[in-house]
Amino acid sequence: MRAHGVAGAAGLLLGFSLSRIGFADYGELHRMFVFDDLRMFLVFAGAVGLSLLGFLLYDRRLFSPTRRVHPGTVPGGILFGLGWALCGACPAVPLVQLGHGRLPALATLAGVVIGTLLYRWVHARLFRWDSGSCES
Amino acid sequence: MTAKTCPHNKACPLFAKFQVQSFLRIWQMNYCQADYSRCARFVLRSQGKQVPVNLLPNGREVAGLDGPGWD
Amino acid sequence: MDLLHGTWPWWLGALVLSTLTVGFYILARRPLGFSSSLARVLDFKTERRMAKAQAAALRDPAAFDRALREATLAEFGQAAATGCDQDGAPPAAPAIAPRPPWSAQLTFVVMIAVGGFLGAALSGDFALRLDLGAEFARLVAGGGWLWPMLLLAGLLVGFGAQMAGGCTSGHGLSGCSRLQPGSLLATACFFGTAVGVSFLLAWVAS
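Residues numbered from 1 in each chain as written. Chains lettered and ligands numbered in written order. Predicted model: local features only at pLDDT ≥ 70, side-chain atom pairs only at ≥ 80, totals over all residues. Heavy atoms only, no water.

Participant: Can you explain the overall build of chain C? Please cite residues and give values.
Facilitator: Looking only at helices and strands, chain C has nine helices and zero strands in total. Reading the secondary structure of chain C in the N-to-C direction produces α-α-α-α-α-α-α-α-α. Relative to a compact globule of 206 residues, whose C-alpha radius of gyration would be 17 Å, chain C shows 24 Å and is clearly more extended. In terms of its C-alpha atoms, chain C occupies a principal-axis envelope of roughly 75 × 35 × 30 Å. Here chain C, with 206 residues, has 45% of them falling under the buried criterion. Intrachain contacts of chain C at a sequence separation of at least 6 include 60% that bridge at least 24 residues. (Helix = DSSP H or I, 4+ residues; strand = E, 2+ residues; numbered from the N terminus. Rg over C-alpha atoms; globule rule 2.2 N^0.38 Å. Buried < 20%, exposed > 50% of the residue type's maximum accessible area, 1.4 Å probe, protein only. Contact = heavy atoms within 4.5 Å.)

Now the structure itself:
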């Protein structure tokens, strides 16, 4: 029950803040990417910086390198970045866009779901690499 | 030649169990600290899949989930 | 400054997202990450199997250990008994940890849409529309190309995030703030690529 409360609250806050920050707006995101408006970059950098501080204060051991670089890191990152620039999804954003009433986000969401399922299939059949332990 | 240990040893719940009981150390000698690429858990992970806690390196499961003492 | 209705200044966004990132980790004991949650929601069959195994092992640890010893005997026979003489010191190792239930992951995903709706409704930005705004139409695709383009782009995002092992929440927020090497590189790759492609789109559109 508690797990559901935490998960639900986290989802609500994430969706709400992504909406109020402006991530649901393709125009805003594009302006961030071409350095026309640094506000959203600052949001991200600030969030990382403050979180870093928070984690340091909470538990130094959280910094031991569990999430390592593996063969999927770079190609996956590139594919993701390509898709991100083309539709603004990252990939929770289509859900926020739907919350704003933007119906084409259904197509984006469908794509994200298909891409997720496709990857699982492809990795099981074609890739063999150590992407880190179960609990990373 | 230094023995290579499976890179997942720190997070694997079975590795921890094998470490604690001498009777179970034989699993480490045959898989974790030897040819860990044969370990069913490692293979599943390499395929990008999740590993059930009761999967043994030899591919068998620790007591069927419906067996005695399990519910 | 209107917290609920207007667009947030950068420091408010940073404050809220960081509170969410760290707070979630403290309360849920795992990093916040949308793409892994989505993957688990979609993989309900595996989730069910994993949850059953986890629950059985946690419910009766003594029975689990007994079954483990039996399995060891079955596999190695008496050779097991000649392993080592002494039990090792208990390692500072992960005990079998409880998994977040599938329904909690689903709740997380669904509530993001609800949160988005709330954000839109409170700011007066909610409107059922069949487009993604003028900039999108100008830079990427409009008319009949809109939906197929979004499907394709979404596919790249979903596939790429799974391949990289995370997205902007998992790698970007949770991973980078803990200085995880995989996350730092993945984030650099996705931001770098997105920036490059965006400049290209702007140049093509002009």
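Having seen the structure, we can now continue with the description.
Participant: Talk me through helix α2 (residues 25-32) of chain B; I want residue IDs and the actual numbers.
Facilitator: Across the eight residues of α2 of chain B, six count as buried, placing the element largely inside the fold. Listed in full, the buried residues belonging to α2 of chain B are R25, I26, W27, Q28, Y31 and C32 of chain B. Contacts made by the buried residues of α2 of chain B are with α1 (13-20) of chain B together with α4 (61-76) of chain C.

Participant: Residue-level account of the packing of aromatic side chains, with values.
Facilitator: What the rule picks out here adds up to 24 aromatic pairs over all chains. Ring plane angle 20° and centroid distance 5.6 Å describe the contact between F35 of chain A and F41 of chain A, whose orientation is recorded as stacked. Look at F35 of chain A and you get partly exposed, because its relative accessible area is 45%. Consider the rings of W27 of chain B and F76 of chain C, whose centres lie 4.9 Å apart with planes at 80°: the pair is edge-to-face. A residue pair is termed interchain when its members come from two chains, as with W27 of chain B in helix α2 and F76 of chain C in helix α4. Of the two residues, W27 of chain B and F76 of chain C, neither departs from the other in class, the shared state being buried. Chaining the aromatic ring pairs together yields one cluster made of F33, F35, F41, F44, F80 and W84 of chain A together with F190, F191 and F199 of chain C. The ring of F55 of chain A has R178 of chain C sitting right over it, with the charged end atom 5.9 Å from the ring centre. (Phe/Tyr/Trp six-rings, centres within 6.5 Å; stacked < 30°, edge-to-face > 60°. Lys NZ or Arg CZ within 6 Å of the ring centre and 35° of its normal.)

Participant: A description of the interface of chain A and chain B should follow, citing residues and the corresponding values.
Facilitator: Listed per partner, the contact involves 11 residues of chain A and 10 residues of chain B. Summing both partners gives a buried area of about 890 Å² for chain A against chain B, and 55% of it is carried by carbon and sulfur. The interface formed by chain A and chain B holds three residue pairs in polar contact (both at pLDDT 80 or more) in total. (Buried area = accessible area lost by both parts, 1.4 Å probe. Polar contact = N/O pair within 3.5 Å; in protein donor to acceptor, adjacent residues only side chain to side chain.)

Participant: Summarise the confidence of the model for chain C; cite the residues concerned and give the values.
Facilitator: Residues of chain C with pLDDT of at least 70 account for 91%, and the chain-wide mean is 88. On the interface metric, ipTM, the complex scores 0.94, and its pTM is 0.90. (pLDDT = per-residue confidence, 0-100.)

Participant: Now, about the nonpolar core: what can you tell me, with residues and values included?
Facilitator: Among the nonpolar cores identified, the biggest contains 65 residues, and F33, F80 and W84 of chain A together with F34, F108 and I112 of chain C are the most heavily contacted of them. Apart from residues lying up to four places away in sequence, W84 of chain A is in contact with L29, F33, A89 and C90 of chain A together with V157, T168, F190, F191 and A194 of chain C. Membership of the second largest hydrophobic core comes to 25 residues, among which are F18, V53 and L56 of chain B together with I96 of chain C. (Core = buried A, V, L, I, M, F, W, Y, C linked by side-chain atoms within 4.5 Å.)

Participant: Could you give me a rundown of the interface of chain C and chain A, with the residues and numbers involved?
Facilitator: Tallying the contact residues gives 106 residues for chain C and 95 residues for chain A. When the two sides are added together, the surface that chain C and chain A hide from each other amounts to roughly 9300 Å², 77% of it contributed by carbon and sulfur. For the pair chain C and chain A, the interface holds three salt bridges. With a closest N to O distance of 3.3 Å, R120 of chain A and D43 of chain C form a salt bridge. Counting every contact that joins chain C to chain A gives 26 residue pairs in polar contact (both at pLDDT 80 or more). Elements that contribute at least two residues to the side of chain C that touches chain A include exactly α1 (10-28), α2 (34-42), α5 (102-123), α6 (134-139), α7 (146-164), α8 (168-175) and α9 (181-205) of chain C. (Salt bridge = Lys/Arg side-chain N within 4 Å of Asp/Glu carboxyl O.)

Participant: A description of the packing of α2 of chain C against α5 of chain C should follow, citing residues and the corresponding values.
Facilitator: All names here are of chain C. Where α2 contacts α5, the two axes come as close as 9 Å, and the packing angle between them is 125°. Comparing the axis directions of α2 and α5 gives the class oblique. Here α2 and α5 pass one another in a crossing that is left-handed. Residues F34, S37, R40 and V41 of α2 form the contact with α5, whose participating residues are W102, Q105, L106, F108, V109 and I112. Here the residues of the contact of α2 with α5 sort into seven nonpolar, two polar and one charged. (Axes fitted to C-alpha atoms, helices over the stretch in contact; angles between N-to-C directions. Parallel < 35°, antiparallel > 145°, perpendicular 65-115°, else oblique. Left-handed = near helix turned anticlockwise from the far one by under 90°. Nonpolar A, V, L, I, M, F, W, Y, C, P; charged D, E, K, R; others polar.)

Participant: I'd like a rundown of the pattern of salt bridges, residues and numbers included.
Facilitator: Residue and element names in this part refer to chain C. Going through the model one piece at a time under the given rule, you end up with 10 salt bridges over all chains. With its nearest N and O atoms 3.0 Å apart, the salt bridge here joins E47 to R99. Of this pair, E47 sits in helix α3 (residues 44-59) while R99 sits in the loop between α4 and α5, placing them 52 residues apart in sequence. Owing to a relative accessible area of 3%, E47 belongs among the buried residues under this scheme. Note on R99: relative accessible area 18%, which makes it buried. A salt bridge links D131 to R129, with the shortest nitrogen-to-oxygen separation between them at 3.2 Å.

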